[in-house]
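# Geometric and topological summary
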Amino acid sequence: MRIIITSPSSEANHNVSGMSAVVNFITRENTSCKYTHFALGKRDRMVRGLLWLVGILVAYAKWLYVMIVDQRAMIHFNLAFDRRGLMRDLPLILVARLLRRRMIVHMHGGEFMAGEGMPSWLKALVGLTLTGCHIIVLSQREQTILRRYVKTAKLFVLPNCVKVNEADCFDRSYAKDGPLTVLFLGRIALSKGIDVIYRAMVALGKMPGNIRFVMAGAGPDERVYVDKFRELLGPRFEYRGIVDGIAKTELLKECDVFLLPSLFEGMPMALLETMALGLVPIVTNVGSIASVVTDGKNGILLHTQSPEQVVDALSMLMADKAYLQVLSQHARQYILANCRPDAYFERLNALYEYD
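What comes next is a walk through the structure. (Residues numbered from 1 in each chain as written. Predicted model: local features only at pLDDT ≥ 70, side-chain atom pairs only at ≥ 80, totals over all residues. Heavy atoms only, no water.)

## Focus: the overall build of the chain
Counting secondary structure elements, the chain contains 13 helices and 12 strands. Here the C-alpha atoms of the chain give a radius of gyration of 21 Å, agreeing with the 20 Å that 2.2 N^0.38 yields for 355 residues. By principal-axis analysis of the C-alpha atoms, the chain measures approximately 65 × 45 × 35 Å. A burial count over the chain gives 52% of its 355 residues as buried. Across the chain, every contact between residues at least 6 apart in sequence was considered, and the portion connecting residues at least 24 apart equals 73%. (Helix = DSSP H or I, 4+ residues; strand = E, 2+ residues; numbered from the N terminus. Rg over C-alpha atoms; globule rule 2.2 N^0.38 Å. Buried < 20%, exposed > 50% of the residue type's maximum accessible area, 1.4 Å probe, protein only. Contact = heavy atoms within 4.5 Å.)

## Thoughts on the pairing of strand E11 (residues 280-284)
Of all five residues that make up E11, five are buried, and the element is covered over most of its length. Between the parallel pair strand E10 (residues 257-260) and E11, the chain is carried across by helix H10 (residues 269-276), and the sense of this crossover is right-handed. When E11 meets strand E12 (residues 300-302), the two strands line up parallel, connected through three bridges. In the sheet register, threonine 284 faces E12, and the bridge partner there is leucine 302. (Right-handed = clockwise from strand over helix to strand, strands pointing away. Pairing = 2+ DSSP bridges.)

## Examining the nonpolar core
Within the largest apolar cluster, 86 residues are counted, with the highest numbers of intra-cluster contacts made by Phe213, Phe229 and Leu314. The element contributing the most residues to this core is helix H7 (residues 194-204), with seven residues. Among residues more than four places away in sequence, those in contact with phenylalanine 229 are Ile194, Ile197, Tyr198, Met201, Phe213, Met215, Gly234 and Phe237. Counting residues in each nonpolar core, the second largest holds 34 residues, with Leu40, Met67, Phe77 and Phe112 among its members. (Core = buried A, V, L, I, M, F, W, Y, C linked by side-chain atoms within 4.5 Å.)

## Let's talk about the sheet that holds strand E5 (residues 134-137)
With respect to topology, six strands assemble into an open sheet ordered E2-E1-E3-E4-E5-E6, the strand pairing being parallel. Two strands close off the open sheet at either side, each with one partner strand: strand E2 (34-39) and strand E6 (154-157). On average, adjacent strands in this sheet sit at an angle of 25° to one another, irrespective of strand direction. Helix H3 (residues 83-98) contacts strand E3 (74-79) and strand E4 (103-107) of the sheet and is inclined by roughly 165° relative to E3. (Axes fitted to C-alpha atoms, helices over the stretch in contact; angles between N-to-C directions.)

## What about a nonpolar patch on the surface?
A grouping of Leu50, Leu53, Val54, Leu57 and Val58 is seen on the molecular surface, where their side chains present a nonpolar patch of about 460 Å² in accessible area. Note on placement: leucine 50 falls in helix H2 (residues 50-69). Taking the relative accessible area as the measure of exposure, leucine 50 reaches 66% and is therefore exposed. (Patch = residues over 30% accessible without salt bridge, like charges linked within 9 Å, V, L, I, M, F, W, Y side chains within 5 Å. Areas by Shrake-Rupley, 256 points an atom, 1.4 Å probe, with all protein chains shown as cover. Salt bridge = Lys/Arg side-chain N within 4 Å of Asp/Glu carboxyl O.)

## Some remarks on the packing of aromatic side chains
A full pass over the atoms with the stated rule returns 13 aromatic pairs. Relative to tyrosine 149, the ring of phenylalanine 81 has its centre 5.4 Å away and its plane inclined at 70°; by these criteria the two rings are edge-to-face. You can see phenylalanine 81 sitting in the loop between E3 and H3 and its partner tyrosine 149 sitting in the loop between helix H5 (140-147) and E6, a full 68 residues away along the chain. Summarising the burial analysis for this pair, phenylalanine 81 and tyrosine 149 share the class buried. (Phe/Tyr/Trp six-rings, centres within 6.5 Å; stacked < 30°, edge-to-face > 60°.)

Right under this line is the structure:
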């Protein structure tokens, strides 16, 4: 089956994006389908200005052309449920629907999934465009939230998955001495809680304990916070930049904790990848995260973007290595049992075949 699939740039050095990570995984691993990538959205370092606006208009023209010329391909449209994503992408979905194209819309979290109020005009546009659509959501929680906006859409819960080949054969050592190694992996932005982490590290520096912080990824606040962490932590801080493939796997193996105090999320691929290799997640209870992380069983859920809660969680794990080991083992077991690609692609390919 031929599929036209949308997302920001598929190159990791252009976009550090959860949506791009999911799309790259699907197009690489789902070999039963032939995918054509259609890029939507700006690159990370692109400034919103005239060139950005021209790029959007060019993408709209290309989209209309593809919708008219290539009428046999299925459309897999990936959409963030936030103001910018909806404003940019709903017109494209509406065009495809008016041209009677077969399409699956794949939701990836966003501010409105986190309870932010949606303006009435945007609610009307969402209802007009998505009514009757086939829509993939990441959890029952997202299904319930989306149903408020689109009552007659056909909603299917399909949580993200990850490759588990490396995790299957990895034997994590819990007897190592030395600092607790904490990892931030993803888009370096205030919305991902990078300042929350900084303020937590400031507080931890005044307390007994041994901690090392590793940051990997890129984003709009990268330069500011790389400098701030270096000044604060010195040799106990390391910035790895964008990592992928073997370099990412080796990085995950050397870390103990995955820290992501985000303002909003879908179901981060980084969360699943790190848990698969036994990192203990300390994450905010937003989006679909609570469908994966059970507080006190396979990770720690933060109720708010709170430096104090981050400090408490890290202090507890530094003081109780036995508890760290239990959470780590349960995190890994959950992913190996529930997030394997074979079941995911069987379900996704069945959705592509809808009448």
